[in-house]
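Reading the structure
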Amino acid sequence: MKRSSQPTINDVARIAGVSKKTVSRVINQSPLLNGDTRKRVEEVIAELGYVPNPQARALALRRNFLIGLIHDNPNAQMVLNVQQGMLEVLRDTEFELIVHPVNRGSPTMLEDIGQFLERQRPFGVMILPPISENDQLAALCAQLGVRYVRMGSAPLDEVAHMVASNDREAVRGAVEHLIESGHRRIGLVLGPHGFRSAAERQKGYEEALERAGLPIQRTLIVQGDYKFESGMRAAEQLLDLAPRPTAVFASNDEMAAGVLHVARQRGLNVPQDLSIIGFDDTPIASHLWPPLTTVRWPIATMARAAALKLVGGEGGGPAGEDGEASLFVSTLIRRASVAAAQG
């Protein structure tokens, strides 16, 4: 007999011989059920074609089916890659992604984020660097009962609340590749002040030089801000030196592209006259000529893992109990922008 209306939670409870609360626990994946009961309710749900009402579930859980992405990051490509990774996880779920940019320089940043969390009541949030490094923000999320995962270039929190990469070791390996190619004067284009990623990458550069017995020359270390234009400014400064560096490590691909642009303007051949390595392995790296040797930062993979930490235990235990990885390895991708030092 054809039903005249959509099945309800009451129908499921009646046919399964359980309470509405038990049906809700099955829907919300609560661990407080035995396997037989869960299986019986799930079979009835499938038989009736019952679809839970997301608004009702949100009221029951006192949370909306929203996953927030909170950031203050000048690298637009990085933010897009994070969104891509998170959406791959959320695509076949009831969750929606909302992006909330903030100003980390604002004295009211924490208050503003607190108002956002209270107004939107997200199920969980992912926090990008550099604000992910703010312990007060993590404490605020915990205080408001909002699940959170922090992304970083080094471990920042308990396993359940972080995804991190090995930036220092990865950059050390990249600079060692330049040293093995005979380069001794190696420039460094830094990331922005206050970014843990910038600090970790600088430490990797310095460790590589120290291990090789090479001096750390401050004139070869130039400030950047992860944007193309800052890479150009840094290149102008480095290439004005006498003698100039024979290689440059730029702390992201955007700035490496800026260095390449200035080298070309000055009539330098890359890589014969100047070797260049970047960081991230964004699409621009393989689209440049010559294709850029760079450190592949597993950003989309990290974002997927973060999203799974946030929603994988939905309705059950705290984020991260599903065993999702927390530490991810960055690797050197060798293309055509590095050559042996001349002379």
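Located above this text is the structure these notes cover.
Notes on the structure in this doc start here. The structure displayed is predicted, hence computed values, not measured ones.

1. A word on empty space enclosed by the protein
- Across all of its chains, the model carries two cavities of 30 Å³ or more by this definition.
- By volume, the largest cavity is sized at about 90 Å³.
- Looking at the largest cavity, it is lined by 13 residues, and the ones nearest its centre are Asn73, Met78, Arg201, Tyr226 and Trp297.
- Among the residues making up the lining of the largest cavity, the classes are represented as five nonpolar, six polar and two charged.
- In terms of domain composition, the lining of the largest cavity takes at least three residues from each of domain 2 (61–165 + 298–328) and domain 3 (167–296).
- Lining the second largest cavity, in full, are Asn75, Gln77, Met78, Asn81, Asp280, Thr282, Trp297 and Ile299.
- At three residues, the largest contribution of residues to the lining of the second largest cavity is made by helix α5 (residues 76–90).
- For the lining of the second largest cavity, the class distribution of residues is three nonpolar, four polar and one charged.

2. Section: the nonpolar core
- Residues Val82, Met126 and Met151 are the most contacted members of the largest nonpolar core, which totals 74 residues.
- Here this core takes eight residues from helix α13 (residues 299–311), the largest share from any one element.
- When we break this core down by domain, the ones giving at least three residues each are domain 2 (61–165 + 298–328) and domain 3 (167–296).
- Val82 has contacts with Leu69, Met126, Leu128, Met151, Ile299 and Ala303, leaving out every residue within four places of it along the chain.
- The next biggest cluster of nonpolar side chains, apart from the first, holds 15 residues, and it includes Ile70, Ile113, Val125 and Leu140.

3. Focus: the sheet that holds strand β9 (residues 275–280)
- Pairing is mixed in the open sheet, where six strands are placed in the order β7-β6-β8-β9-β10-β12. Every interior strand has two partners, whereas the edge strands, β7 (221–222) and β12 (331–333), have only one.
- Here four bridges tie strand β6 (residues 186–189) to strand β8 (residues 247–250), and the two strands are oriented parallel to one another. The residue bridging Val189 from the neighbouring strand is Ala250, located in β8.

4. As for unusual backbone geometry
- The omega angle of the peptide bond from Pro129 to Pro130 is 10 degrees, so this bond is cis rather than trans.
- Following the sequence through the fold, Pro130 ends up in the loop between β3 (124–127) and α7 (135–143).
- Omega for the bond connecting Ala242 with Pro243 falls within 30 degrees of zero, at 0 degrees, which places this linkage in the cis form.
- Here Pro243 is to be found in the loop between α10 (228–239) and β8.
- Even without a glycine there, the phi angle at Asp281 is positive, about 60 degrees.
- Tracing the backbone through its elements, the reader meets Asp281 in the loop between β9 and α12 (283–287).
- When its relative accessible area of 17% is taken as the criterion, Asp281 is described as buried.

5. Some words on the pattern of salt bridges
- Here the structure, examined in full by the defined rule, presents 16 salt bridges.
- Of the charged contacts, one joins Asp157 and Arg150 as a salt bridge, the two residues approaching to 2.8 Å between their closest N and O atoms.
- Using a relative accessible area of 22% as the deciding quantity, one classes Asp157 as partly exposed.
- Each of Arg168, Arg172, Arg196, Glu200 and Glu207 takes part in a single network of salt bridges with overlapping partners.

Calculation rules
- Residues numbered from 1 in each chain as written.
- Predicted model: local features only at pLDDT ≥ 70, side-chain atom pairs only at ≥ 80, totals over all residues.
- Heavy atoms only, no water.
- 1 Å grid on protein atoms, 1.4 Å probe; cavity = no way out; pocket = protein on both sides within 12 Å on 5 of 7 lines; lining within 4 Å.
- Points joined across faces, edges and corners; volume = space filled by probe spheres on them.
- Nonpolar A, V, L, I, M, F, W, Y, C, P; charged D, E, K, R; others polar.
- Domains from an automatic or database assignment.
- Helix = DSSP H or I, 4+ residues; strand = E, 2+ residues; numbered from the N terminus.
- Core = buried A, V, L, I, M, F, W, Y, C linked by side-chain atoms within 4.5 Å.
- Buried < 20%, exposed > 50% of the residue type's maximum accessible area, 1.4 Å probe, protein only.
- Contact = heavy atoms within 4.5 Å.
- Pairing = 2+ DSSP bridges.
- Salt bridge = Lys/Arg side-chain N within 4 Å of Asp/Glu carboxyl O.

Shape is all these values report; function is a separate question.
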